[in-house]
Amino acid sequence: MLTDVLTGWTAETLGGLTLLAGAAAWGWTRRPQTPATPAATPGTGTARQARTYTLLGARAADGQPVHWPSSRPAGVRINWTGPAGKREEFELTDAVLPDGTYAAERVGPQRL
């Protein structure tokens, strides 16, 4: 009788451990792979997502709003040269516009 109990318990335990190991191996192979992004910040090693900013008050030569893609954080100032050759400075913000882009506010003309 004791042999039957030990034999049954051993078989059930080994079967359960085999199923658990198989499920873990299947889950490991099915996990999502994150692609390496070249835009990693040197200090933290984390990648920043590229955002599209709309330069408020700036127009391209064809009269359309100017969109500026950048992976820089909010608060960074960028320089943009308009169609007339005039340089202007904009500050990137976290404000989201209705079209889904982020706002870049004009700081003032760049004096060079």
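Everything below is about the structure printed above this text.
Residues numbered from 1 in each chain as written. Predicted model: local features only at pLDDT ≥ 70, side-chain atom pairs only at ≥ 80, totals over all residues. Heavy atoms only, no water.

Enquirer: What exactly am I supposed to notice about the overall build of the protein chain here?
Expert: Each helix and strand counted, the protein chain has one helix and five strands in total. Going from N to C terminus, the protein chain has its helices and strands arranged as α-β-β-β-β-β. Counting every position in the protein chain, which comprises 112 residues, the buried fraction comes to 17%. Long-range pairs, those at least 24 residues apart, make up 26% of the contacts in the protein chain with a sequence separation of at least 6. Here the protein chain has roughly 8,500 Å² of accessible surface; of this, 59% comes from carbon and sulfur atoms. (Helix = DSSP H or I, 4+ residues; strand = E, 2+ residues; numbered from the N terminus. Buried < 20%, exposed > 50% of the residue type's maximum accessible area, 1.4 Å probe, protein only. Contact = heavy atoms within 4.5 Å. Areas by Shrake-Rupley, 256 points an atom, 1.4 Å probe, with all protein chains shown as cover.)

Enquirer: Help me understand the nonpolar core, please; the structure alone is not making it clear to me.
Expert: Nonpolar side chains in soluble globular proteins generally cluster together in the buried interior. Grouped together as the largest cluster of nonpolar side chains are nine residues: Tyr53, Leu55, Ala58, Val66, Ile78, Trp80, Phe90, Leu92 and Ala104. The greatest single-element share of this core, amounting to three residues, is contributed by strand β1 (residues 51-59). Apart from the residues within four sequence positions on either side, leucine 92 is in contact with Tyr53, Ser70, Arg72, Pro73, Ala74, Gly75, Val76, Ile78, Ala103 and Ala104. (Core = buried A, V, L, I, M, F, W, Y, C linked by side-chain atoms within 4.5 Å.)

Enquirer: Which parts of the structure should I look at to understand the pairing of strand β4 (residues 87-96)?
Expert: When a strand is regular, its side chains alternate between the sheet's two faces. Sheet topology note: the strand β3 (residues 77-81)/β4 ladder contains five bridges and is antiparallel. Along β4, the bridge assignment pairs threonine 81 with arginine 87. (Pairing = 2+ DSSP bridges.)

Enquirer: Explanation requested: the packing of aromatic side chains in the structure shown.
Expert: The final tally for this structure, using the stated rule, is two aromatic pairs. Where tyrosine 53 meets tyrosine 102, the ring centres are 5.9 Å apart and the plane angle is 50°; that geometry is what we call tilted. Of this pair, tyrosine 53 sits in strand β1 while tyrosine 102 is found in strand β5 (residues 102-109), placing the two residues 49 residues apart along the sequence. Classification of tyrosine 53 as buried rests on a relative accessible area of 0%. Above the ring of tyrosine 102, the side-chain terminus of arginine 51 is found at 4.0 Å from the ring centroid. (Phe/Tyr/Trp six-rings, centres within 6.5 Å; stacked < 30°, edge-to-face > 60°. Lys NZ or Arg CZ within 6 Å of the ring centre and 35° of its normal.)

Enquirer: Is there a simple way to think about a nonpolar patch on the surface in this case?
Expert: Nonpolar side chains collect at one region of the surface, where Leu14, Leu17 and Leu20 lie side by side and expose about 320 Å² of accessible area between them. Looking at where leucine 20 falls in the secondary structure, it is placed in helix α1 (residues 2-30). Its relative accessible area of 57% is what places leucine 20 among the exposed residues. (Patch = residues over 30% accessible without salt bridge, like charges linked within 9 Å, V, L, I, M, F, W, Y side chains within 5 Å. Salt bridge = Lys/Arg side-chain N within 4 Å of Asp/Glu carboxyl O.)

Enquirer: Sorry if this is basic, but what is going on with the pairing of β1 here?
Expert: Sheet topology places β1 next to strand β2 (residues 65-70); six bridges connect them, and they run antiparallel. Of the residues in β2, the one forming a bridge with arginine 51 is serine 70. Counted along the chain from β1 to the antiparallel partner β2, the turn is five residues long, and its residue glycine 63 has a positive phi close to 90°.

As far as function goes, none of this settles anything; it's purely spatial.
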